[in-house]
Amino acid sequence: MLVDRKGIFLAANNRLADWLGYTSDEVVGLKFVDMPFFTAKSKATVVKMFQRRMSGRPVAPYDLEFVAKNGVTHIGRLVGSVVTDEQGRPEADLAMISDVTEQREAENALRASREKIEGLRGTARRLEACGSEDEVCRVTAYAARTVLGFPRCVVARVDDGRLVWQPELSDVSPACDLSTAEIPGGPIVDAHRDHKSIVFHGSNEAGCAGITCGITSGICAPIAEEGVLCVGSDDSRRYNDKDARLLELLLGHTVEALGRIRLLGRLREQATRDLMTGLHNRRYFSETIDREIARSRRYGYGIGFLMIDVNGFKAINDTYGHQTGDDVLCAVASFLEGHVRSSEMVVRFGGDEFLIVMPECTGEIDLVRKRLVESFRGWAESCDRFNFHLEVAIGSAVWSPHGSASIEETIAEADQRMYRNKRRQRRGRRRRETRQTDVSDAATS
C-alpha cells in the first residue's frame, strides 16, 4: 500500500482484494482511521507507527489484525519504507504487508515448545534486520542449531536448476566432503522435488552414502523454491512431525525475509533507473557521486564528465511524434552504454541530456570526447532505424580533488561547453547549407 504524508491511501495492489475482499478503489482516498479492515486496536497502532516513521524515527516491523469483508480475522506483518523527495523530505510511506496468519496459528498450536518458539521469534527479528540473502541463510542455519537444537545442519541451494551444497553455511561431521557441488539424490532432493518436509531415521533411509553428510537421523525441509535445509544428528535420536513443524516455522520466517530483501532490491533498482532507457537516473547519480569523490580524494585521480545532448530533439518530437523521440533516446542510450568502460557510468540526466561519469580520469577526456563524437557520427550514418540524421553535442570537464571547483560547478562547465559545441555545429550546418545552395544556383544559371 502507498500512503501519503497525511495518512491518506493512494494505491494498493490486487493482493488486497484477494486477501481481504476490498478493492483498491474502495480504500483509495480514505484515512487510516476510516479503513474498514482495521480493528480499533490496529487503527491506533498503525497511526502511531506511521507518525513515528514520517518523523524520521526508526520503526521495526510489527503485526496487525485485519478483518476481511467476510468477517474473518487475519494477521498481517507490516514493514514500512519512507519515500522521500529529491531533498530527502518524507513524501509518502510504502507499506508492505505479509499475511502471517497461518504462521501465527502454527505458533499458537506449538505452545508446548514455548522456549523454542520464543527463540524463533528472536530469530524472526534478526531475519527482518538482515540486509542480504547470504546473511538470511547464515542466521537460519545458526537458529536451527542453537534455537531448535539440531546438532548438524546442511544447506543446499538451487543453482541453475541444480541443488548444490553451501559448505560455508553447513555444520557437518569433519569426515564429510562437500567438495562435490551437485547433490545426486537422497532426502534433500526428494524434499525439494515434492515441496514437503521429510523425516528420516537411519543411514539407509537417508539415501546413498554421503548425501546427508553424516546426518543419519533428521529432517529435510524445503526453503520454498530456494533450496533445502537438512538438520539432524549422527546418533540414534529420532525426530518427529512436531520437530518438522518447528523447522518449517523457522523456514517460514526465512522465506519471508528473502522475499522482503528481493522486493526491496527491485524497488531500489526501479527508483534509481530511468524506466524508458534503462540507464541510471539523476537520483542514483546523486546517491553515488559522494563515494566517487571520496575514492578520488583517496587516490588523487580526477573525475571526468561528458555532457551529451541530442541536437534538434524538439524538432524530432514535433515532426515525427513523441514515440519516435522516445526511440531516439533509447537508441542513443544504448549506443552510449556500448561505448563506455565497465567502471564508467551513463546517466540520463534529464530530457534529452545524458551524462557520462569517468572515475580515475587522468586528463584524456578531450580525446575521449572526440572519439565518442566520431563513433557516434559513424553509428548514426549506418543506423537504419530512423529516416533522419542524428547528431549529438558533447561537452567535457574534469573535477580535480586538488582544485576549488565543486562537482556541480564542474558539471555546469561541461554543460556550457556542450552548448558551445552545439552552437558551433549549428553554424557549421548553416555554412554547408549555404554553400550547397550557392552551388545549386550556379548550376541552374
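Every value quoted in this text rests on a predicted model; they were computed, and no experiment measured them.

*Asks:* A description of the overall build of the protein chain should follow, citing residues and the corresponding values.
*Replies:* Within the protein chain one finds 13 helices and 15 strands. The 445 residues of the protein chain split such that 44% are buried. Summarising the internal contacts of the protein chain: among those between residues at least 6 apart in sequence, 58% fall at separations of at least 24. Only carbon and sulfur atoms are counted for the fraction: they give 47% of the accessible area of the protein chain, which is about 23700 Å².

*Asks:* Account for the sheet that holds strand β7 (residues 162-165), naming residues and giving values.
*Replies:* Reading across from one edge, β7-β6-β10-β9-β8 is the order of the five strands in this open sheet, with antiparallel pairing throughout. Each end of this open sheet is capped by a strand with a single partner; those strands are β7 and β8 (198-201). Averaged over all pairs of adjacent strands, the angle between strand axes in this sheet comes to 20°, irrespective of strand direction. When strand β6 (residues 152-159) meets β7, the two strands line up antiparallel, connected through four bridges.

*Asks:* Tell me about helix α6 (residues 133-146), and name the residues and values.
*Replies:* Over its 14 residues, α6 runs 20 Å from end to end, which matches the ideal 20 Å to within 8%, given 1.5 Å per residue. Taken as a whole, α6 has its buried residues at V136, C137, V139, T140, A141, A143 and A144. Turning to α6, the residues buried within the fold contact α5 (114-128), β6, β10 (227-233) and α8 (241-271).

*Asks:* Describe the packing of aromatic side chains, with residues and values.
*Replies:* To describe a pair of aromatic rings, you give the distance between the ring centres and the angle between the ring planes. Enumeration according to the criterion identifies 13 aromatic pairs in this entry. Ring geometry for W19 against F66: centres 5.1 Å apart, planes inclined by 50°, an arrangement best described as tilted. On the criterion of sequence distance, the pair formed by W19 in helix α1 (residues 15-20) and F66 in strand β3 (residues 62-67) is long-range, its members being 47 residues apart. A residue is classified by how much of its surface remains accessible, and W19, at 13% relative accessible area, is buried. Between the aromatic rings of F285 and F305, the centroid separation amounts to 6.4 Å while the plane-to-plane angle is 80°, which identifies the pairing as edge-to-face. Placement of F285 in helix α9 (residues 282-299) and of F305 in strand β12 (residues 302-310) is noted, with a sequence separation of 20 residues between them. Overall, the relative accessible area of 6% leaves F285 in the buried class. Here the aromatic residues W19, Y22, F37, F38 and F66 are joined through ring pairs into a cluster of three or more. Over the aromatic face of F349 sits the side chain of R282, whose NZ or CZ is 3.9 Å from the ring centroid.

Rules of the game
- Here the residue index of a chain counts from 1 through its sequence in written order.
- Confidence filtering applies because this is a predicted model: local features only for residues at pLDDT of at least 70, side-chain atom pairs given and counted only at 80 or more, and all residues used for totals across whole chains, interfaces and linings.
- With hydrogens and water set aside, each side-chain value is computed from the structure's full complement of heavy atoms.
- Strands are runs of DSSP state E lasting at least two residues, helices are runs of H or I lasting at least four, and both sets are numbered from the N terminus onward.
- Accessibility here uses a 1.4 Å probe with only protein chains present; expressed as a share of the type maximum, an area under 20% marks a residue as buried, one over 50% as exposed, and anything in between as partly exposed.
- Residues are treated as being in contact if the distance between any of their heavy atoms lies within 4.5 Å.
- All accessible-area figures derive from a Shrake-Rupley calculation using a 1.4 Å probe, and residue coverage is judged against the displayed protein chains alone.
- Only strands that DSSP links by at least two bridges are regarded as paired with each other.
- As a rule, the C-alpha atoms of each element are fitted with a line to give its axis, helices using only the stretch in contact, and angles between N-to-C directions run from 0 to 180 degrees.
- An expected span of 1.5 Å times one less than the residue number is assigned to each helix.
- Stacked, tilted and edge-to-face pairs are distinguished by plane angle, under 30 degrees for stacked and over 60 for edge-to-face with tilted covering the rest, among Phe, Tyr and Trp rings (Trp via its six-membered ring) whose centres lie within 6.5 Å.
- We call a charge positioned above a ring when the Lys NZ or Arg CZ atom is no farther than 6 Å from the ring centre and deviates by at most 35 degrees from the ring normal.

By themselves, these are just geometric observations and shouldn't be taken as functional.
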